[in-house]
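# Examination of the molecular architecture
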Amino acid sequence: MKSRYESAKNVFIDSVDLDDYIELKSSLSAYQQLEHSIAKPLKMILLFGRPGTGKSILLNRLQEKLKHKKEIHYLDTPAINEKEFFHKIFKVLTQKTLPQNTEVNFSALVNYCKNLRGKREIVIMLDEAQMYGPEMMEKIRLLSDSRAVKFIVSLHKTDDEDLVAKEHFQSRIWEVVELHNATLEDQTTYIHKKLLKKNLFEIANGIKAKNMKMIHKFTKGNYRECNKMMFTIFEICEYYDKNEPSKISYDYLPQRIIEMAALKLGYLHV
Amino acid sequence: MYNIQALEEEWKRYRRNKRRPIYITLFLLFLFAILLSIWYLYSGAFNLNKYRSSQDGNSAKTTASVSMVFIDQTIDRLEDKRHAVSIDAPIDLPDAVQDDKSIDTSIKKKKKKKKKLHIEVIEVNSNPSSFNQVAKRFRLGHDTDDSMFLAKQYYKNKNYKKAEYWALQTNKVNENIEESWLIFAKAKAKRGQRNEAIRILNNYIKRSHSIEAKVLLEKIKSGKTF
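What comes next concerns the included structure. By convention here, each chain's residues receive numbers from 1 onward along its written sequence. Think of it this way: whatever chain is written first is A, whatever ligand is written first is 1, and the rest follow in order. Note on the predicted model: pLDDT of at least 70 is required for a residue's local features to be given, and 80 or more for side-chain atom pairs to be given and counted; whole-chain, interface and lining totals, by contrast, use all residues. With hydrogens and water stripped out, all remaining heavy atoms of the structure feed into the side-chain values.

## Quick word on the packing of helix 6 (residues 160-173) of chain B against helix 7 (residues 178-190) of chain B
All names here are of chain B.
- Contact geometry of helix 6 with helix 7 gives a least axis separation of 8 Å together with a crossing angle of 150 degrees. Taken together, the axis directions place helix 6 and helix 7 in an arrangement best described as roughly antiparallel. In this structure, helix 6 meets helix 7 at a crossing whose hand is left-handed. Counting all contacts with helix 6, which are made through Y160, A163, E164, A167, L168, T170 and N171, the residues of helix 7 involved are S180, W181, I183, F184, A187, K188 and K190.
- The residue classification treats Ala, Val, Leu, Ile, Met, Phe, Trp, Tyr, Cys and Pro as nonpolar and Asp, Glu, Lys and Arg as charged. All others, Gly included, are polar. For the contact of helix 6 with helix 7, the class distribution of residues is eight nonpolar, three polar and three charged. In this analysis an axis means a line fitted to C-alpha atoms, helices contributing only their contacting stretch, and an angle means the value between N-to-C directions, from 0 to 180 degrees. Under the scheme used here, helices are H or I runs from DSSP no shorter than 4 residues and strands are E runs no shorter than 2 residues, and both carry numbers assigned from the N terminus. What sets the label is the angle itself: under 35 degrees gives roughly parallel, over 145 gives roughly antiparallel, 65 to 115 gives roughly perpendicular, and the rest give oblique. Should the near helix be turned anticlockwise from the far one by less than a right angle, the crossing is left-handed, and should it be turned clockwise, the crossing is right-handed. Residue contacts are defined here by distance: any two heavy atoms, one from each residue, within 4.5 Å place the two residues in contact.

Quick look at the structure:
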């Protein structure tokens, strides 16, 4: 028989799955801000935040919500090189696949975009944009200058990437949307809602406020870290449930298990 | 799946390390409490000893001072009487007060000096010449304290005749001093005048209903020692 902890563990597998999207106060606010920015005649929008703050899932959600209203495209993985990137852009703009052994002429692409002004309004969301080099970013800016293509650039907020953001976007970005780590309240809601979505009410109820505080302390409210932590916790629980059931109860989550998970993930050290 | 046993061991080590500061703090607190209690006990015992020694000192002082006061009162009287004798002119009160003060201070100085004073005074008291001085003073001042002092001292020295005399002198000045009547009767009885002693006591008992006098009467009647 499948342990309930196994199901709980799988809830926290880190993935960008819209079905697992949890609406929280902070994410709702960021979503509304982004939606509002798209409606404005902006060329570029910068979405940034620390890794694991929910940028990718927010972009996914935006695409999902607006795909029937707007021409919106999401490029989740950065292109290995410029050629591949322009292939993707070409496909988005012309809705045609480029013939093999051919290359995109950038000037022709910019002109094509300029011709689209007033006819189409295309939104391209670039995830993990910190991986694009400065030259590529400059070309993206030129495309956005056509005013037919709007870019939403998602960046990791690190000290270096902050510099990148300043150098390439400071003069052009009209709107900046920043995502933060979750508060304790948000993280509690996130964990509970995630479990309740899979009907794991008993397990969700077993995680008390004290446990939530500990988890929040270790993960600092980062969703990715939280997923990792919860996955590890439930994996340990699963082991006990299967091998030493006397050491575990659905009624409450022992502090010992949280600490063991923290040790495993390196949040704690002996 | 992780190696849970290894993880458990790691967690146990972590918990031990985590609790170590608490244990150390508790141990230090315990040690501090012990040291504090030892210090308190020792200082308490020290204070107690100090208190006891001071108490002993006080009690010694008290005993000494009681005897001193008793003797000093006698000295005071003697000094006063001597002083009174030496003055022929009418006494000017402030001067007298001053003199008293000077006497007091000189006596106080004596008080402070040594316990030896007690012995000296006793010697002085038992000296017949000093008795004469007191007798002389009595004749001038008719102070019953003087006559009673002489009566008691002579009775103590088994000079029953003189004791009888000074008891009688006291009774003449103040017939209500019981001690004087008792010494008078006892002195009479000691001198073999038993019937006279019984008669005196009967008269006194009729007047005063004194229990002490009744007891003495019974003793004299029955021939018991007193």
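## Describing the pairing of strand 2 (residues 71-75) of chain A
All names here are of chain A.
- Each residue's exposure class comes from its accessible area (1.4 Å probe, protein chains only) as a fraction of the maximum for that residue type: buried when under 20%, exposed when over 50%, partly exposed otherwise. For strand 2, a buried count of four out of five residues is recorded, marking the element as mostly surrounded by other parts of the structure.
- Inspection of the sheet shows strand 2 paired to strand 3 (residues 122-126) by five bridges, in the parallel sense. Following the sheet pairing, I72 is matched in strand 3 by V123. A pair of strands is treated as paired once DSSP finds two or more bridges between them.

## Here's the deal with the interface of chain B and chain A
- Facing the 12 residues of chain B at the interface are 17 residues of chain A.
- Buried area is understood as the total, over both parts, of accessible area removed when two parts are fitted together, assessed with a 1.4 Å probe. Interface of chain B and chain A: buried area, both sides summed, is about 1,500 Å²; carbon and sulfur atoms make up 67% of it.
- Criterion for a salt bridge: a side-chain nitrogen of Lys or Arg within 4 Å of a carboxyl oxygen of Asp or Glu. At the surface where chain B touches chain A, the tally comes to two salt bridges.
- Here A:E259 and B:K18 are joined by a salt bridge, their closest N and O atoms 3.0 Å apart.
- Throughout this description, a polar contact denotes any pair of N or O atoms lying within 3.5 Å of each other; where both atoms belong to protein, one of them has to be capable of donating a hydrogen while the other can accept it, and for residues adjacent in sequence the pair is counted only when both atoms sit in side chains. Put simply, chain B and chain A have five residue pairs in polar contact (both at pLDDT 80 or more) between them.
- Residues that form the side of chain B that touches chain A fall into these classes: six nonpolar, two polar and four charged.

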